[in-house]
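# Descriptive analysis of the structure
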Amino acid sequence: MEYNEILNKAREMIKDKCRVCKDCNGVVCRGEIPGVGGKGSGSSFIRNREKVNEIKINLDTIVPEDKIDTTIELFGRKFSYPVFAAPIAAVGMNYSTAMDDYQYSKAIVEGCKKAGTFGFTGDGVKDEFFDDPLKVIGENEGMGIPTIKPWKNEEIINKIKKAEEQGAMAVALDVDAAGLVLLAMLGKPVSTKSVEDLKEIISSTKLPVILKGIMTVEGATKALEAGAYGIVISNHGGRVLDHTFATVEVLPQIAKIIKGKMKIFVDGGFRSGVDLFKAIALGADAVLIGRPYATMAYGGGIEGVEKYTQKLGQELLETMIMTGCHKLKDISNKHITI
Ligand SMILES: Cc1cc2nc3c(=O)[nH]c(=O)nc-3n(C[C@H](O)[C@H](O)[C@H](O)COP(=O)(O)O)c2cc1C
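Read on for a plain summary of the structure. (Residues numbered from 1 in each chain as written. Predicted model: local features only at pLDDT ≥ 70, side-chain atom pairs only at ≥ 80, totals over all residues. Heavy atoms only, no water.)

Right, let's talk about the packing of helix α9 (residues 217-226) against helix α10 (residues 247-258) for a bit. For any two helices packed against each other, one specifies the crossing angle of their axes together with the interaxial distance. At a minimum axis distance of 9 Å, the contact between α9 and α10 shows a crossing angle of 35°. As α9 runs across α10, the sense of the crossing is right-handed. On the side of α9, the interface is formed by Val217, Ala220, Thr221 and Leu224, while α10 contributes Gln253, Ile254, Ile257 and Ile258. (Axes fitted to C-alpha atoms, helices over the stretch in contact; angles between N-to-C directions. Helix = DSSP H or I, 4+ residues; strand = E, 2+ residues; numbered from the N terminus. Left-handed = near helix turned anticlockwise from the far one by under 90°. Contact = heavy atoms within 4.5 Å.)

The environment of the ligand is made up of 24 residues, and the closest members are Pro87, Asp267, Arg271, Gly290 and Arg291. A distance of 2.6 Å separates an oxygen atom of the ligand from a polar atom in the backbone of proline 87. Measuring from a nitrogen atom of the ligand, one finds a backbone N or O atom of alanine 89 at 3.2 Å. The site holding the ligand turns out to be the largest pocket. For the shell around the ligand, a count of residues per class yields 6 nonpolar, 10 polar and 8 charged. (Near = heavy atom within 4 Å. Polar contact = N/O pair within 3.5 Å; in protein donor to acceptor, adjacent residues only side chain to side chain. 1 Å grid on protein atoms, 1.4 Å probe; cavity = no way out; pocket = protein on both sides within 12 Å on 5 of 7 lines; lining within 4 Å. Sits in = over half its atoms within 2 Å of the grid points. Nonpolar A, V, L, I, M, F, W, Y, C, P; charged D, E, K, R; others polar.)

All right, on to the environment of aspartate 127 then. Relative to the helices and strands, aspartate 127 is located in the loop between β5 (119-121) and α5 (128-139). Considered as a pair, aspartate 127 and alanine 170 are 43 residues apart in the sequence and their alpha carbons are 19 Å apart.

There is a patch of like positive charges on the surface, built from Lys67, Lys78, Lys327 and Lys329. One can find lysine 329 in the loop between α12 (291-323) and β12 (336-337). Take lysine 329: its relative accessible area is 71%, and that puts it in the exposed class. (Patch = residues over 30% accessible without salt bridge, like charges linked within 9 Å, V, L, I, M, F, W, Y side chains within 5 Å. Areas by Shrake-Rupley, 256 points an atom, 1.4 Å probe, with all protein chains shown as cover. Salt bridge = Lys/Arg side-chain N within 4 Å of Asp/Glu carboxyl O. Lys, Arg positive; Asp, Glu negative; His and termini not counted. Charge placed at Lys NZ, Arg CZ, Asp CG, Glu CD. Buried < 20%, exposed > 50% of the residue type's maximum accessible area, 1.4 Å probe, protein only.)

Among the surface-exposed residues, Met93, Val181, Leu182, Met185 and Leu186 lie close enough to one another that they form a single nonpolar patch of about 520 Å² accessible area. A total of 3 residues in the nonpolar patch trace back to one element, the largest contributor, which is helix α7 (residues 181-185). Looking at the element boundaries, methionine 185 is found in helix α7.

Empty space within the largest pocket amounts to approximately 1,000 Å³. Taken together, 48 residues make up the lining of the largest pocket; nearest its centre are Ala89, Asn94, Leu180, His236 and Arg239. Tallied by class, residues from the lining of the largest pocket come to 20 nonpolar, 14 polar and 14 charged. Within this model, the second largest pocket holds a volume of roughly 560 Å³. Around the second largest pocket, the lining comprises 26 residues; the ones closest to its centre are Val175, Asp176, Gly213, Ile214 and Gly219. Grouping the amino acids of the lining of the second largest pocket by side-chain chemistry returns 13 nonpolar, 10 polar and 3 charged. (Points joined across faces, edges and corners; volume = space filled by probe spheres on them.)

This paragraph deals with the packing of aromatic side chains. In this description, an aromatic ring pair is defined by two values, namely the gap between the centres and the angle between the planes. The tally for this structure, following the rule as stated, stands at 12 aromatic pairs. Measuring from ring centre to ring centre gives 5.1 Å for phenylalanine 79 and phenylalanine 118, while their planes differ by 65°; the resulting arrangement is edge-to-face. Note that phenylalanine 79 is positioned in strand β3 (residues 77-79) and phenylalanine 118 in the loop between α4 (101-114) and β5, a separation of 39 residues in sequence. By the burial criterion, phenylalanine 79 is buried, and phenylalanine 118 matches it. Measuring from centroid to centroid gives 6.3 Å for tyrosine 104 and tyrosine 298, while their planes differ by 40°, and the two rings are tilted. Linking tyrosine 104 in helix α4 with tyrosine 298 in helix α12, this pair joins segments that are 194 residues apart in sequence. This pair shows no difference in class: tyrosine 104 is buried, exactly as tyrosine 298 is. The positively charged end of lysine 188 is found above the aromatic ring belonging to tryptophan 151, 4.1 Å away from the centroid. (Phe/Tyr/Trp six-rings, centres within 6.5 Å; stacked < 30°, edge-to-face > 60°. Lys NZ or Arg CZ within 6 Å of the ring centre and 35° of its normal.)

The following block contains the structure:
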């Protein structure tokens, strides 16, 4: 299937919740939750995308010719590109019941694996939102990262044990889901976590733990103190708080303090391989992409996810050629202008 065919098929399948816009920027879906929009006015989602677009690339091809290497090493494994599918859960409610969370995660985890990367999976109010995607990770030699909501510590630790049993290569905790009032209303409260809480969680496992939903230098410093393997600079795609900064706005200041001490992932409004380049130039090690992966999973299943990942990788490679970068570590803020 061609990329545009996949988009057209997705448009048909998820039309009640997502218009599959040419540029997925949060404008027409603002405020649509359940659905795919950002919270409230939708400004956090919209700003994520706007600020990525404001970054421009500095072209320079007068460099010696050499092989271009887009690979990245994480958890002792090598991946083709520094881009991974972000966790998305409760897809029946947010997209369409044409897929359940098991089928969705199968498309994401297997599609990413085929392209030489991996996908994160999500969690939610029903046990199946965590367990079914985790089953898929188990069926794929642990090539995926389950993301756990900030429930009570005991429940988080139980879920980490389940992830260990399925051979997951790491676990993530979306600490920014602490304000999801809907979960409490449905009888499953989440809460904020102290550094001590996080230390208890992180020391309960040998798996690397990634804290997702960090937007300040203070938050990143506390994640480091708690012993996290890495952070995802994220505002949950603008779904947990209105009027936040864009993730690319806070990325440089966080990277300045913690680069090299913890892995830095970032998400929010990244859509193309050129966008991946921008994130790396600002100090990220790797990028997560959310909504566009969901579109590809609905429109093209495993093949759609694989194709999109390869497209991102090819665009990143072309951007590296056009900026004279041979390895990811060559990419720096001198290659961009804001
Ligand atoms: C419908 C939907 C469901 C999501 N579910 C989860 C989730 O279960 N856990 C989580 O950590 N993030 C969740 N997210 C946030 C994404 O992981 C990611 O942070 C965000 O989508 C990135 O922004 P982007 O979509 O602009 O790329 C969800 C996002 C959407 C749109």
